[in-house]
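Coordinate analysis (summary)
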Amino acid sequence: MKNFLNQLFDYNFYCNKKLIAQAEGLAKYPEHSAKLFSHILNAHHIWNKRIMGLDREFDVWQLHDKDTWADIHYENQRSTFEVIRNTEDFNKRIDYETTEGRLFASDLKDILFHIINHSTHHRGQLLADLRANDLDIEELDFILYKR
């Protein structure tokens, strides 16, 4: 389980780093794309904080300047790897409160998979927005990453 989760989060890190590098090279980045990428970073951050029982520092749709994306992304990755490295039971239930104030509990493995799935979902929206703005982007499919 640890190896598979590490591999998924390596892939997630790779994809986001590619998008950050592209954004850094553009004088003007599409506003909707920036909103989506900030959301990806924020959601990962919020889930990490829930897992670790800590207060979140970001709101779900908080916008970040693209110059801060790499640092936030790195910290998200570092925190997640720390969780994976120190976990013996991925079926452990995590109690958390949603941003709407509702209480839930989910298995850690499901939360970790959700972070990946959520990021992939919004990266797809982001890539569609970049293409709609006539920007070329690299393919980010998992199978291409594995090759």
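Throughout what follows, the structure given in this document is the object of discussion.

Mapped onto the elements of the fold, His45 is located in helix H2 (residues 31–52). The buried category is assigned to His45, whose relative accessible area is 6%. Apart from the residues within four sequence positions on either side, His45 is in contact with Arg56, Glu57, Phe58 and Asn76.

Time to look at the pairing of strand E1 (residues 93–97). Residues Ile94 and Tyr96 line the buried face of E1, whereas the alternating positions Arg93, Asp95 and Glu97 sit on a face that is not buried. Sheet topology places E1 next to strand E2 (residues 103–107); 5 bridges connect them, and they run antiparallel. Opposite Glu97, over in E2, you have Leu103 as the bridge partner. Hairpin connection between E1 and E2: a loop of 5 residues separates the two successive antiparallel strands, and Gly101 in this loop has a positive phi of roughly 90 degrees.

All right, on to the pattern of salt bridges then. Pairs may arise between side chains of opposite charge once their charged atoms sit close together. In total, this model carries 9 salt bridges according to the counting rule given. The partner of Arg56 in a salt bridge is Asp59, with the nearest N and O atoms 2.9 Å apart. Through salt bridges with shared partners, a single ionic network connects Glu75, Arg78 and Glu82.

This brings us to H2. Taking 1.5 Å of rise per residue, the 22 residues of H2 would be expected to cover 32 Å, and the 32 Å separating its terminal C-alpha atoms lies within 8% of that figure. Within H2, 18 of the 22 residues are buried, which leaves the element mostly enclosed by the surrounding structure. Once H2 ends, the next one or two residues include Gly53, with phi positive near 70 degrees.

Moving on, we come to the side chain of Ser119. On the secondary structure map, Ser119 appears in helix H4 (residues 108–132). Leaving out residues up to four positions away in the same chain, Ser119 has contacts with Asn12 and Ile40.

Moving on to the packing of aromatic side chains. All chains considered together, the criterion is met by 8 aromatic pairs. With centroids separated by 5.3 Å and ring planes inclined at 55 degrees, the aromatic side chains of Tyr11 and Tyr145 adopt a geometry described as tilted. Separated by 134 residues along the polypeptide, Tyr11 in helix H1 (residues 2–24) and Tyr145 in helix H5 (residues 142–146) bring together distant segments of the chain. Considering the side-chain rings of Phe37 and Trp69, the 4.7 Å spacing of their centres and the 45 degrees angle between planes classify their relative orientation as tilted. Of this pair, Phe37 sits in helix H2 while Trp69 sits in helix H3 (residues 69–85), and the two are 32 residues apart along the sequence. Note on accessibility: Phe37 and Trp69 belong to one class, buried. Stacked on the ring of Trp61, the Lys or Arg Lys35 has its end atom at 5.2 Å from the ring centre. The ring of Trp47 carries the charged tip of Arg50 above its face, separated from the ring centre by 4.4 Å.

The rules behind these values
- Residues numbered from 1 in each chain as written.
- Predicted model: local features only at pLDDT ≥ 70, side-chain atom pairs only at ≥ 80, totals over all residues.
- Heavy atoms only, no water.
- Helix = DSSP H or I, 4+ residues; strand = E, 2+ residues; numbered from the N terminus.
- Buried < 20%, exposed > 50% of the residue type's maximum accessible area, 1.4 Å probe, protein only.
- Contact = heavy atoms within 4.5 Å.
- Pairing = 2+ DSSP bridges.
- Salt bridge = Lys/Arg side-chain N within 4 Å of Asp/Glu carboxyl O.
- Expected span 1.5 Å × (residues − 1).
- Phe/Tyr/Trp six-rings, centres within 6.5 Å; stacked < 30°, edge-to-face > 60°.
- Lys NZ or Arg CZ within 6 Å of the ring centre and 35° of its normal.

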